[in-house]
Amino acid sequence: MIPLAPTNGGARMSVRVRSRRRLLLACGCAIGLLFASCRPAFELPESPAAHARATALDAAIASRRAQGDVTGALALAREQQRVANSERDTPAWRRADAERQMHTLSRIASLPPAARSELARADAMALAADSLLAGGDAVAAAAARSGSLTTRVRWLGDGHEDCARIRSALARASFALGDVPRAIALDREALRARRQRLGTRHPEVAESLDQLAVDLKTAGGDRDEPLRLYREALALRQALLGAGASPTIETQLHLGNLHRARHEPDSALAVFQRVLALEHGTNTLGDERMAATLFSMAMTVTPLGDWERAEPWLRGATERWRALGPSARQSLARSLGAQGLTLRHLGRNAEAEEALAESIQLFEDLRRETRPGTASAVSIPLVSYDLLAAVQLERGRGAEAWRSLERGLARGLLEELARKRAIDTTGWWHDALPRVQRSLPDDAALIGWLTTRPGAAREEYPFWAYCIRSQGRVRWWRVDGPAAGAAADGDLDRIRRELVRAASWPLRVKEDAVIREWERAAYDLRIAPLEPGLRGVHRLIVVSPDLLHGTPVESLMDSSMTPLAERFVISYAPSALLYAASQQNRAARQTRRPWRALLAGDAGPASGRDALPALAAAHREIRELSARLLTPTVIFGQDAAAKLDRMASAGELAEYSLIHFATHAAIKETWLGESALVLARDTTGAPGSGLITARQIAQHWRLDADLVTLAGCETLVGPAASNEGFQGLQHAFLCAGARHLLVSAWRVDDDATALLMSRFYERLLAAPGDDGGSREAEALADAQRWLRAWRAPDGSRPYAHPAYWAGFVLVEGGAAAPSRPSAAATLVR
């Protein structure tokens, strides 16, 4: 049989088969390469069990490192690497972490013994810092983490992942201290280093994204960057750790709370509902996350007045936080406070009072256990006292309400002065009203207001005004709103915005009918209810830590369209008891010391991109004041800040009874301790830059000054804390020992300020020594009236607008410390 030769058709079919095979092989290789290049994107999240095992091994390795047992740490790291490489589902980032851990420990093992010991101490400091921060000692935690970072940078290199972790941890301590700028800088650097060292798909990168978003949200400013960072962190955590992982849920809650802060309740509730749906589906949320979710949902609807929906959510959050025990005390206290607010609005005042009393007790316990200072005042607020006072008023107990209100006011300043032994707090709350009344002359009245806020919203109606005279009971008046839903502080903020705008305008502005009507409307709400208690009053002491939102009472117009500055001599006090203590301190000295003055001014004209404008009138102001005084100390020049720092270190500043600063001020309205006096043109904050920060003044200066004048712009302003007021330069100087403080509420006019100061000091220095405690207030009232009526050569009154004459206010309530600070602040009850 002769075999048949293949036909042409068979040859063509054979070629087609081979071509198909080649095509399939090529496609398979391409798909394989595609999946290999994108493998992290298709990896399953790490399982909870695997994550728990890896986390436990990491903790054990860290413990061995802190003990200096590098050999033991290496043995654990080998086991970690073996497990990571043997388990098929281990994510690539986890295997890479195990390899980096081995490399780091091998490198440490090769170092000299002294270096290994130094690194072990750094590791121990890092572990101790975690406990310190959890215990509320952020200062010690920050110091420990800073020392640990320095050592790790020295031996491991600045870009090492250990250094990035410590920077991230140090950012949290800085944030707890209120140093948000430093937290932002540290978190940005940690994020950059982690992306470079670990790649873009790593849980630690997600951690830095989340923490940086928290910083930026707190700092304010750009509203969109925190949203972008949260979304990026959430997507990364979901992909790497899973939707039910604790860090993923934490970012979900952060994202929801950001929507809440942006006044986007529907978006916020949608996020929180997704978290709750996850709990219903997997039962993995846990009591803590469940409580946080319910609390955030309630805080989303309380500003809307939806108390019926908020109450069960708050009840659920409170029950869960209570079950978590001592570790959740602060969260429990916040939840109880919000629950008290909600129950009050639902008319259940007895239950509200019970919840608020428990909230207050928890907050008081936490403050006693926390290092005193501005950070604790901000992180552990006492707003539940305001709510308790409102409930007590509604239940007809006015005397108790005033004591409750007073207990919450300016506690940060009070605790700092007590710590420095500047005030005697024996029986501080026991005989509060009699001591306040003993400090008041017959022609004086002390007035204040009790306002509350639903959640994070504006102050609400009704609010209450009170008046205290030298005899009789505390008198209260209830103020109901002019319209449903109106904000109680809207009138004050409107006036302040107009005064700030007018003061900032480059051309001179005139007083007009519009602002007079606004000032009259604010008078009708804030002062008119008090008029029955103000008969025969000459001195008015306004109790308000934030000085009525920075809106001067002096400019409010009464029913005859007369500014209150024409009727009263007005000063401000952080609290009634601090005012009484300052008067008691003054009376104990019997006679005033002769004025010994320190006058400090900025360095004069300068050039450069960051140069501030010269204060020509301020220089004239210093010269005129110097001529009125006997042998004053005058400080000018680029090294003025350094001179003052040396004087503070030597204790020389306590020798001056009058201190006057005619300088610019660098105001930080969101960052604690960063507002500063500017004594040179460079405002970078670098050594020798000429800045003296509020933190430096509060912590390191010791004054014994009857009066400190800050004749710059906005020296009253600073970060505003609940019940504490502005935490800027004015707070720092009161902490340092200023009894009276003259500060500005906005950007004051240079020429108007020079005229006001000239008249103020003319009257002040001519006043008798025994003045009943009102010499400074009388001098300021006279200067304000004089400047308002001052006429230019053309007969005009260029400073009649309150933006010019009402910009400075007098704060009293500080005291000088007679000795070194005690270890802790103790308020004797």
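My aim in this report is to walk through the structure given alongside it, one point at a time. Quantities reported herein were computed from a predicted structural model and do not represent experimental measurements.

Rules of the game
All residue numbers refer to positions counted from 1 along the written sequence of the respective chain. Thresholds applied to this predicted model are a pLDDT of at least 70 for local features of residues and 80 or more for the giving and counting of side-chain atom pairs; totals over whole chains, interfaces and linings are not thresholded and use all residues. Water and hydrogen atoms play no part in the side-chain values, which are based on all heavy atoms of the structure. Under the scheme used here, helices are H or I runs from DSSP no shorter than 4 residues and strands are E runs no shorter than 2 residues, and both carry numbers assigned from the N terminus. Using a 1.4 Å probe on the protein chains alone, a residue whose accessible area is under 20% of its type maximum counts as buried, one over 50% counts as exposed, and one in between counts as partly exposed. What makes two residues a contact is simply this: any of their non-hydrogen atoms within 4.5 Å. Surface exposure here means Shrake-Rupley accessible area, sampled with a 1.4 Å probe, where a residue is shielded only by the protein chains that are shown. Buried residues of nine kinds, namely Ala, Val, Leu, Ile, Met, Phe, Trp, Tyr and Cys, make up a nonpolar core once their side-chain atoms join them within 4.5 Å. Only Phe, Tyr and Trp rings are paired, with Trp represented by its six-membered ring, and only when their centres lie within 6.5 Å; those with planes under 30 degrees apart are stacked, over 60 edge-to-face, the remainder tilted. Look at NZ for Lys and CZ for Arg. If either is within 6 Å of the ring centre and within 35 degrees of the ring normal, a charge sits over the ring. Between N-to-C directions, angles cover 0 to 180 degrees, with each direction set by a line fitted to C-alpha atoms, over the stretch in contact for helices. The labels follow the angle: roughly parallel below 35 degrees, roughly antiparallel above 145, roughly perpendicular from 65 to 115, and oblique for the rest. Handedness of a crossing follows from how the near helix is turned relative to the far one, being left-handed for an anticlockwise turn of less than a right angle and right-handed for a clockwise one. In this classification, Asp, Glu, Lys and Arg are treated as charged, Ala, Val, Leu, Ile, Met, Phe, Trp, Tyr, Cys and Pro as nonpolar, and every other residue, Gly included, as polar. By this definition, two strands are paired if DSSP reports at least two bridges between them.

## Thoughts on the overall build of the protein
Argument step 1. Counting secondary structure elements, the protein contains 34 helices and 16 strands.
Argument step 2. In the protein, which comprises 829 residues, the share counted as buried stands at 53%.
Argument step 3. By sequence separation, contacts in the protein at least 24 residues apart represent 71% of the contacts at least 6 residues apart.
Argument step 4. Carbon and sulfur atoms make up 54% of the accessible area of the protein, which amounts to about 35400 Å² in all.

## Side note on the environment of Gln 784
Argument step 1. Inspection of the secondary structure puts Gln 784 in helix H33 (residues 775–789).
Argument step 2. For the pair Gln 784 and Phe 808, spaced 24 residues apart in sequence, the C-alpha to C-alpha distance is 8.7 Å.
Argument step 3. Ignoring sequence-local partners within four residues, the contact set of Gln 784 consists of Glu 554, Ala 565, Leu 756, Trp 805, Ala 806 and Phe 808.

## Concerning the nonpolar core
Argument step 1. Grouped together as the largest cluster of nonpolar side chains are 145 residues, with contacts concentrated most on Leu 446, Trp 476, Leu 534, Leu 644, Trp 701 and Phe 733.
Argument step 2. Apart from residues no more than four positions distant in its own chain, Leu 644 is found in contact with Leu 598, Ala 600, Ile 635, Leu 653, Phe 661, Leu 679, Ile 692 and Trp 701.
Argument step 3. Counting residues in hydrophobic clusters, the runner-up holds 42 residues, among them Leu 253, Leu 269, Ala 310 and Leu 341.

## Considering the packing of aromatic side chains
Note on aromatic pairs: each is described by the distance of the centres and the angle between the planes.
Argument step 1. In total, this model carries ten aromatic pairs according to the counting rule given.
Argument step 2. A ring pair is formed by Trp 701 and Phe 733, whose centres lie 6.0 Å apart and whose planes are at 85°; its orientation type is edge-to-face. You can see Trp 701 sitting in the loop between helix H30 (694–700) and strand S12 (707–710) and its partner Phe 733 sitting in helix H31 (residues 729–736), a full 32 residues away along the chain. By the burial criterion, Trp 701 is buried, and Phe 733 matches it.
Argument step 3. Ring centres 5.6 Å apart and planes at 40° place the aromatic pair Trp 790 and Tyr 799 in the tilted group.
Argument step 4. Take Tyr 799: its relative accessible area is 5%, and that puts it in the buried class.
Argument step 5. Within the aromatic cluster, the residues linked to one another by ring pairs are Phe 661, Trp 701 and Phe 733.
Argument step 6. Here the guanidinium or amino end of Arg 508 rests over the ring plane of Tyr 804, the centre of that ring lying 5.2 Å away.

## What about the packing of helix H8 (residues 161–176) against helix H9 (residues 180–198)?
Argument step 1. Two numbers describe how H8 lies on H9: the axes approach to 8 Å, and their chain directions differ by 160°. As summarised for this structure, H8 and H9 are arranged roughly antiparallel, according to the angle between their axes. Handedness of the H8/H9 crossing: left-handed. Listed contacts from H9 to Glu 161, Ala 164, Arg 165, Arg 167, Ser 168, Leu 170, Ala 171, Arg 172, Ser 174 and Phe 175 of H8 are Arg 182, Ala 183, Leu 186, Asp 187, Glu 189, Ala 190, Ala 193, Arg 194, Arg 197 and Leu 198.
Argument step 2. Counted by class, the contact of H8 with H9 contains nine nonpolar, two polar and nine charged residues.

## Here's the deal with the sheet that holds strand S11 (residues 691–693)
Argument step 1. An order of S9-S10-S11 is seen for the three strands of this open sheet, with the pairing classed as antiparallel. Of all the strands in the sheet, the pair left with one neighbour each is strand S9 (664–666) and S11. Along the sheet, successive strands turn relative to each other by an average axial angle of 30°, direction set aside.
Argument step 2. Strand direction decides the pairing type here: S9 and strand S10 (residues 676–678), joined by three bridges, are antiparallel. Considered in S10, the bridge of His 664 is made with Val 678.

## Topic: the pairing of strand S6 (residues 597–601)
Argument step 1. Of all five residues in S6, five are buried; the element is thus mostly enclosed.
Argument step 2. Covered by surrounding structure in S6 are Ala 597, Leu 599 and Gly 601 together with Leu 598 and Ala 600, the residues of both alternating faces.
Argument step 3. Bridging between S6 and strand S8 (residues 658–662) involves five bridges; their strand directions are parallel. Note on S8: the bridge partner recorded for Ala 597 is Leu 658.
Argument step 4. Looking at chain direction, S6 and strand S7 (residues 633–635) are connected through three bridges and run parallel. What sits directly across from Ala 600, in S7, is Ile 635.

## Observations regarding the environment of Gln 339
Argument step 1. Inspection of the secondary structure puts Gln 339 in helix H16 (residues 329–345).
Argument step 2. Here Gln 339 falls in the buried class, since its relative accessible area comes to 11%.
Argument step 3. Sequence separation of Gln 339 and Trp 313 is 26 residues, and the distance between their C-alpha atoms is 9.3 Å.
Argument step 4. Each residue touching Gln 339, except ones within four places of it in the same chain, is listed here: Glu 311, Leu 314, Arg 315 and Thr 318.

## Thoughts on the pairing of strand S1 (residues 444–450)
Argument step 1. With respect to burial, S1 is a largely interior element, seven of its seven residues being buried.
Argument step 2. What you see with S1 is no split at all: Ala 444, Leu 446, Gly 448 and Leu 450 on one side and Ala 445, Ile 447 and Trp 449 on the other are buried throughout.
Argument step 3. Relative to strand S4 (residues 539–543), S1 runs parallel, the two being bridged by five bridges. Residue pairing for S4: Ile 447 is matched across the bridge by Val 542.
Argument step 4. Two elements, S1 and strand S2 (residues 463–468), share five bridges in a ladder whose sense is antiparallel.

All quantities given are derived from atomic positions and should not be read as evidence of function.
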